[in-house]
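Listed below are the residues making up each chain.
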Amino acid sequence: MPDDPERILRCCHLLDLRRLPAPGGEQNLAVLLARLQRCEDPEALRRAAAPLQSWASDAEHAELASAFAAWITHVVLPDLGVVNVRVSDNLTEVLEMLEQEPRTWADRIRAEERAEMQRSMVAMLLEMAKLRFGGGAAERLAKLLDGITDTDRLKDIGKWLVTCESGEALLARLRRA
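What comes next concerns the included structure.

What counts as what
- Residues numbered from 1 in each chain as written.
- Predicted model: local features only at pLDDT ≥ 70, side-chain atom pairs only at ≥ 80, totals over all residues.
- Heavy atoms only, no water.
- Helix = DSSP H or I, 4+ residues; strand = E, 2+ residues; numbered from the N terminus.
- Expected span 1.5 Å × (residues − 1).
- Buried < 20%, exposed > 50% of the residue type's maximum accessible area, 1.4 Å probe, protein only.
- Polar contact = N/O pair within 3.5 Å; in protein donor to acceptor, adjacent residues only side chain to side chain.
- Core = buried A, V, L, I, M, F, W, Y, C linked by side-chain atoms within 4.5 Å.
- Axes fitted to C-alpha atoms, helices over the stretch in contact; angles between N-to-C directions.
- Parallel < 35°, antiparallel > 145°, perpendicular 65-115°, else oblique.
- Contact = heavy atoms within 4.5 Å.
- Nonpolar A, V, L, I, M, F, W, Y, C, P; charged D, E, K, R; others polar.
- Left-handed = near helix turned anticlockwise from the far one by under 90°.
- Salt bridge = Lys/Arg side-chain N within 4 Å of Asp/Glu carboxyl O.

To continue, consider helix H9 (residues 151–163). Given a rise of 1.5 Å per residue, 13 residues ought to cover 18 Å, and the 19 Å separating the end C-alpha atoms of H9 matches this to within 8%. Regarding H9, the residues found buried are Thr151, Leu154, Ile157, Gly158, Trp160 and Leu161. The N-cap of H9, judged by a side-chain oxygen 3.2 Å from the amide nitrogen of Asp152 a few residues on, is Asp150.

This brings us to the nonpolar core. It is characteristic of soluble globular proteins that their nonpolar side chains tend to be buried jointly. Membership of the largest hydrophobic core comes to 25 residues, with the highest contact counts inside it found for Leu36, Leu45, Leu52, Leu77, Leu91, Leu95 and Leu98. Of all the secondary structure elements, the ones that give two or more residues to this core are helix H2 (29–38), helix H3 (42–49), helix H4 (53–56), helix H5 (62–79) and helix H6 (91–100). Counting residues per element, this core draws most heavily on H5, at six residues. If you look at the next biggest cluster of nonpolar residues, it comprises 16 residues, including Ala129, Ala138, Ile148 and Leu154.

Tracing the backbone through its elements, the reader meets Glu63 in helix H5. You can call Glu63 exposed: its relative accessible area is 72%. For the pair Glu63 and Asn90, spaced 27 residues apart in the sequence, the C-alpha separation amounts to 9.8 Å.

To characterise two packed helices, one gives the angle between the axes of the helices and the distance between these axes. Relative to each other, helix H8 (residues 135–145) and helix H10 (residues 167–176) sit at 10°, their axes nearing to 10 Å. The orientation of H8 relative to H10 falls into the category roughly parallel. Contact residues: Ala137, Arg140, Leu141, Leu144 and Leu145 in H8; Gly167, Glu168, Leu170, Leu171, Leu174 and Arg175 in H10. Its residues assigned to classes, the contact of H8 with H10 shows seven nonpolar, one polar and three charged.

Once that is clear, we can look at the environment of Ser166. Looking at the element boundaries, Ser166 is found in the loop between H9 and H10. For Ser166, a relative accessible area of 28% translates into the label partly exposed. Remark: the alpha-carbon pair of Ser166 and Arg132, spanning 34 residues in sequence, is separated by 8.4 Å.

To continue, consider the packing of H3 against H6. One can describe the packing of H3 onto H6 by two numbers: an axis separation of 9 Å at closest approach and a directional angle of 135°. Considered as vectors, H3 and H6 are oriented oblique to each other. For the pair H3 and H6, the sense of crossing is left-handed. In this structure, H3 uses Leu45, Arg46 and Ala49 to contact H6, whose residues at the interface are Leu95, Leu98 and Glu99. Partitioned by chemical class, the residues of the contact of H3 with H6 number four nonpolar, no polar and two charged.

The next point concerns the pattern of salt bridges. Going through the model one piece at a time under the given rule, you end up with three salt bridges. Taking the shortest distance from any N to any O, the salt bridge between Arg119 and Glu116 comes out at 2.9 Å. Placement of both Arg119 and Glu116 in helix H7 (residues 102–133) is noted, with a separation of three residues, approximately one turn of the helix. Under the relative-accessibility criterion, Glu116 is labelled partly exposed at 41%. Notably, a salt bridge pairs Arg140 with Glu168, separated by 2.4 Å at the nearest N-O pair. Taken together, the positions of Arg140 in helix H8 and Glu168 in helix H10 put the pair 28 residues apart, joining distant regions of the chain. Judged by relative accessible area, Arg140 falls into the partly exposed class, the value being 35%.

This paragraph deals with the environment of Gln100. As for its position among the elements, Gln100 is in helix H6. Taking C-alpha positions, Gln100 is 9.5 Å from Arg46, a pair spaced 54 residues apart along the chain.

Below you can see the structure in the form of structure tokens.
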């Protein structure tokens, strides 16, 4: 057993590649794996995966290429927030997808974040309406809120919820707007 495990980790970077600022070695699997794990967005993943291209059509590395492709689509992309990705064990397909899709994924991620924010706003408005005006008013408000996706409009409804004297006044205001 070594006396100083930290000294060994400092000397043997292969044991802890995440400590290296920019590990080198295009053909070193451990280095490529570390680069892929460090990616924080789909574009960085596309650049980090580029060295895998040489293995994509190499029969000698077919099993390894398949494992990288499956890992990228099953693990790495979902960790980056990319959803609804077609899972593939074909590295050529995955690399082509990475080349074509990054901007689309970023747009999808932003759209999903906006939709989640809107759902949260609606849920908060309904909870506030229930607390202020009762369950009946909240149920009627839910029907009127269904399909409203404009965040500014939801903010206005929140203001009306605070300023209206009754649930009926809130609902009437919303119908007029």
